[in-house]
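Coordinate inspection notes
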Amino acid sequence: TVMEALASGTPLVASDVAGIPSVVTHHRTGLLVPEKDVQGLAGALAALCGNPGLRAGLGAAAREEVRRLHSWERVAEQFEQAYERAADRHLAGLR
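What this report covers is the structure whose coordinates are included nearby. (Residues numbered from 1 in each chain as written. Predicted model: local features only at pLDDT ≥ 70, side-chain atom pairs only at ≥ 80, totals over all residues. Heavy atoms only, no water.)

**A look at the overall build of the protein chain**
What counts, and what does not: We count a stretch as a helix when DSSP gives it H or I for four or more residues in a row; a strand needs E for two or more, and each element gets its number in order from the N terminus. The globule rule is 2.2 Å times the number of residues to the power 0.38, and the radius of gyration it is compared with is taken over C-alpha atoms. Note on exposure labels: buried denotes an accessible area under 20% of the residue type's maximum, exposed denotes more than 50%, and partly exposed covers the range between, all computed with a 1.4 Å probe on protein chains only. Throughout, a contact is declared for two residues whenever any of their heavy atoms are within 4.5 Å. For the purpose of counting charges, residues Lys and Arg are taken to be positive, whereas Asp and Glu are taken to be negative. His and the chain ends are not included. To locate a charge, take atom NZ for lysine, CZ for arginine, CG for aspartate or CD for glutamate.
Summing up its helical and strand segments, the protein chain has four helices and two strands in all. Each helix and strand of the protein chain, placed in order from N terminus to C terminus, yields the pattern α-β-β-α-α-α. Taken over the C-alpha trace, the protein chain has a radius of gyration of 18 Å; the compact-globule value for 95 residues is 12 Å, which it surpasses by more than 25%. Seen through its principal axes, the protein chain has C-alpha atoms that stretch 65 × 25 × 20 Å. Taking all 95 residues of the protein chain together, the buried fraction comes to 24%. Considering only contacts in the protein chain between residues 6 or more positions apart, those separated by 24 or more positions represent 39%. Positive and negative charge centroids in the protein chain, built from 10 and 11 side chains respectively, lie 3 Å apart.

Okay, structure coming up:
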């Protein structure tokens, strides 16, 4: 999956569709190309193949962003916050 590729530090080229742009930041954590854009895909792949620094930078940034934003600890925090907000709303409605 996209998230697994990011977490592993694999340089990523993906289509700019559906939920992909919510986890891939163009030119920071991967390269996004418009859907069905064969020329754009070829260009992005060529850019990665020809630039080891770009590959390393995208991979490292992707791995760090997944660790920072999508780790199990962070997901647990987000669930806890959501439950607290729901409980607060419920309790406010009882008053």
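**Focus on unusual backbone geometry**
In this structure, Ala18 takes a positive phi of about 50° despite not being glycine. Mapped onto the fold, Ala18 is located in the loop between strand 1 (13-15) and strand 2 (31-33). At His27, a position not held by glycine, the phi torsion is positive, near 70°. Mapping His27 onto the fold places it in the loop between strand 1 and strand 2.

**A short note on helix 3 (residues 52-70)**
So the rule is basically this: One less than the number of residues in a helix, times 1.5 Å, gives the span that helix is expected to have. We define a polar contact as two N or O atoms separated by no more than 3.5 Å, with the added condition that, inside protein, one atom must be a possible hydrogen donor and the other a possible acceptor, whereas residues neighbouring each other in sequence contribute only through side-chain atom pairs.
Compared with the 27 Å implied by 1.5 Å per residue over 19 residues, the 26 Å span of helix 3 between its first and last C-alpha is a close match. Buried within helix 3 are the following residues: Leu58, Gly59, Ala61, Ala62, Glu65 and Val66. Turning to helix 3, the residues buried within the fold contact helix 1 (2-8), strand 2 and helix 2 (38-49). With a side-chain oxygen positioned 3.1 Å from the backbone nitrogen of Gly53, the residue opening helix 3 is Asn51.

**Remarks on the nonpolar core**
Selection criterion: Only buried Ala, Val, Leu, Ile, Met, Phe, Trp, Tyr and Cys residues count toward a nonpolar core, and they belong to the same one when joined by side-chain atoms within 4.5 Å.
Core analysis: the largest hydrophobic core is formed by ten residues, namely Ala5, Leu6, Leu12, Ala14, Ile20, Val23, Val24, Leu32, Ala62 and Val66. When contributions to this core are tallied by element, the ones reaching two or more residues are helix 1 and helix 3. Grouped together as the second largest cluster of nonpolar side chains are six residues, Val13, Leu31, Val33 and Ala44 included.

**Re the side chain of Thr29**
Relative to the helices and strands, Thr29 resides in the loop between strand 1 and strand 2. Judged by relative accessible area, which is 1%, Thr29 ranks as buried. Non-local contacts of Thr29, meaning those with residues more than four positions away in its chain, are made with Leu6, Val23, Val24, Leu58, Ala61, Ala62 and Glu65.

**Observations regarding the packing of helix 2 against helix 3**
Here is the rule we go by: Throughout, an axis means a line fitted to C-alpha atoms (over the contacting stretch in the case of helices), and angles, computed between N-to-C directions, take values from 0 to 180 degrees. Oblique is the label for every angle not falling under 35 degrees (roughly parallel), over 145 degrees (roughly antiparallel), or within 65 to 115 degrees (roughly perpendicular). All residues other than Ala, Val, Leu, Ile, Met, Phe, Trp, Tyr, Cys, Pro, Asp, Glu, Lys and Arg, Gly among them, are scored as polar; the first ten of these are nonpolar and the last four charged.
Interaxial distance between helix 2 and helix 3 falls to 6 Å at its minimum, and their mutual angle equals 100°. In terms of their interaxial angle, helix 2 and helix 3 are classed as roughly perpendicular. In this structure, helix 2 uses Ala47, Leu48 and Cys49 to contact helix 3, whose residues at the interface are Leu54, Arg55 and Leu58. Residues that form the contact of helix 2 with helix 3 fall into these classes: five nonpolar, no polar and one charged.

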